[in-house]
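Below, each chain spelled out in residue letters.
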Amino acid sequence: MIRFSLYKLVMLLFFILAFYYIARWQIVLHNGNESHPQRFLHTCNVSEAYRNELEQLFHRVHEILARQGVTHILCYGTLWGQIRMTKMLPWRKKAEFCVFNEELMAREEASFLRAFYSNNLKIYYIHSEGLYRIFAENPDVGPYVELIVFQRDDAQSMYKRVGWKRRLLPPHCDWTPSLDCFPIHLLEASLPRRKLGRYFYSVPMGGIELQKYHYTQNWWKDIRVFNC
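The numbers attached to residues start from 1 for each chain and follow its sequence in the written order. Given that this is a predicted model, residues contribute local features only at a pLDDT of at least 70 and side-chain atom pairs are listed and counted only at 80 or more, while totals for whole chains, interfaces and linings are drawn from all residues. To obtain the side-chain values, all non-hydrogen atoms of the structure were included, while hydrogens and water were left out.

Caption draft 1: Geometry of the state of the cysteines. The criterion for a disulfide is a pair of cysteine sulfur atoms lying within 2.5 Å. If you walk through the whole model with that rule in mind, you get 2 disulfides. Across the disulfide, C75 is cross-linked to C98 (sulfur-sulfur distance 2.2 Å). In this structure the cystine formed by C75 and C98 twists about its S-S bond by roughly 100°; its chirality is therefore right-handed. Of this pair, C75 sits in the loop between β2 (73-74) and α3 (76-84) while C98 sits in strand β3 (residues 94-100), and the two are 23 residues apart along the sequence. The partner cysteine of C173 in its disulfide is C181, sulfur to sulfur 2.1 Å. When the S-S torsion is -85°, as for the bridge of C173 with C181, the disulfide is left-handed. By definition, any uninterrupted DSSP run of H or I lasting at least four residues is a helix, any uninterrupted run of E lasting at least two residues is a strand, and each is numbered from the N terminus.

Caption draft 2: Summary view of the pairing of strand β7 (residues 158-161). Note on exposure labels: buried denotes an accessible area under 20% of the residue type's maximum, exposed denotes more than 50%, and partly exposed covers the range between, all computed with a 1.4 Å probe on protein chains only. Across the two faces of β7 the burial is the same, with M158 and K160 and Y159 and R161 all buried. Pairing of strand β6 (residues 144-153) with β7 involves 4 bridges; the strand directions are antiparallel. Looking across to β7, one finds that R152 is bridged to Y159. One bridge is not enough; two strands pair if DSSP finds at least two bridges between them. The antiparallel pairing of β6 with β7 creates a hairpin that spans 4 residues between the two strands, and S157 there sits at a positive phi of about 55°.

Caption draft 3: Looking closely at the packing of aromatic side chains. Aromatic rings from Phe, Tyr and Trp, taking only the six-membered ring of Trp, are treated as a pair when their centres fall within 6.5 Å; an angle between ring planes under 30 degrees marks them as stacked, one over 60 as edge-to-face, and anything in between as tilted. Going through the model one piece at a time under the given rule, you end up with 12 aromatic pairs. Both a distance and an angle decide whether a charge sits over a ring: NZ of Lys or CZ of Arg must be within 6 Å of the ring centre and within 35 degrees of the ring normal. Directly above the ring of W80 sits R84, whose terminal nitrogen or CZ lies 3.8 Å from the centroid.

Caption draft 4: Just the pattern of salt bridges, in detail. Only one rule defines a salt bridge in this text: a Lys or Arg side-chain nitrogen within 4 Å of an Asp or Glu carboxyl oxygen. The full count for this structure, using the stated rule, is 12 salt bridges. The network of salt bridges with shared partners includes R92, K94, E96, R133 and E146.

Caption draft 5: A look at α3. Burial analysis of α3 places 7 of its 9 residues in the buried class, which makes it a mostly covered element. Every buried residue belonging to α3 is among Y76, G77, T78, L79, W80, G81 and Q82, and all of these are buried.

Caption draft 6: Quick look at the nonpolar core. Core analysis: the largest hydrophobic core is formed by 44 residues, its most contacted members being F58, V61, F97, F112, F116 and L147. Elements with a contribution of two residues or more to this core: α2 (48-68), β2, α3, β3, α5 (109-117), β4 (122-126), β5 (131-135) and β6. Among the elements that make up this core, the one with the highest residue count is α2 (6 residues). Here a residue-residue contact requires only that any non-hydrogen atoms of the pair lie within 4.5 Å. Other than its neighbours up to four places away in sequence, V61 contacts F97, F116, L121, I134, V145 and L147. Note on terminology: a nonpolar core comprises buried Ala, Val, Leu, Ile, Met, Phe, Trp, Tyr and Cys residues joined through side-chain atoms within 4.5 Å.

Caption draft 7: Fine view of the environment of D154. Tracing the backbone shows D154 in the loop between β6 and β7. Its relative accessible area of 54% is what places D154 among the exposed residues. Residues D154 and I184 lie 30 residues apart in sequence; the distance between their C-alpha atoms is 8.3 Å. Any N or O atom pair separated by 3.5 Å or less is treated as a polar contact, with the protein-specific requirement of one donor-capable and one acceptor-capable atom, and with residues adjacent in sequence counted only for side-chain atom pairs. A polar contact is formed between the side chain of D154 and the side chain of R152, at a distance of 2.6 Å.

Caption draft 8: Main features of the pairing of strand β10 (residues 199-202). Relative to β10, strand β9 (residues 193-196) runs antiparallel, the two being bridged by 4 bridges. Each residue of the ladder has a partner; that of K195, found in β10, is F200. Connecting β9 to the antiparallel partner β10 that follows it, the hairpin turn spans 2 residues, and G197 within it adopts a positive phi of roughly 65°.

Caption draft 9: Local environment of the confidence of the model for the protein. Chain-level statistics for the protein give a pLDDT mean of 85 and a share of 81% at 70 or above. Every residue gets a pLDDT, meaning the predictor's confidence in that residue, from 0 to 100. When pLDDT is averaged over each element of the protein, β2 comes out on top at 98 and helix α1 (residues 6-32) at the bottom at 59. Low pLDDT, under 50, characterises residues 27-38; the stretch is placed with 1 contact to residues that sit more than four places away or in other chains.

Set out below in C-alpha cells:
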C-alpha cells in the first residue's frame, strides 16, 4: 500500500501546476510565432451554388410575406450583409427576417403556414427561441430562412424577442440583453428599401442603428474574412 505524506501531495500538486503553465506558455509562444496567425474571423467555405440557393429561398419567403401583408425587415447577419457587401455574407448558411408578433397574432396561424406549404416550402415554429424556420429541403444540408419574432413593448418603447425561454427572465430590456431589444422609432416611419444581391428589401430606419442594439460588444469592428 502506497502512503502519501502531506509534503508529497503538496509537491505533486506543485509539479502538476508547473507543467500546466509551462504547456500553456508554449502554446502562446507558438501561436505568436506563426507566420499566419489566427486573424480571420470567418472563412468563405460556402459554395456559390449554395449561396444562390439561399438567395432564391430568401426571396421566395419575402414574396410570401409580402402577399400576406406581413411587415418583415432585414436583421442580424443578413442586415450585416446588406450594409457591408450589399449581398449575403458568403460564409453564412441561413438568412433572417425580423417579423412582429402583433401582425402574426392578427392572422389565422393555419392560413399563414399554408401559404408556405402551398409554395413547396416547409415551416415550423421553435417555441423556445420565438422564431419560424423555413426550408425547401433538409435544413441540415440545405439553406434555410428564419423569421425572428419581436413583440412591441409600449411601456419601454422597445421591440423585444419572444420565446418561452425569454419569458422566464426579467422583462426589462436593460436587465436582459438576450431580449435583443431595439427602439420602436426604428420602425415608425416608412421603411427604406435597400439592395441585397439582386433584390430589394425593407430595412430599419437609421442604417446601422439596429446593429448597435443587437451587437453591443462589437458592432463597430471590421470583419476579417479569408478566401472571399
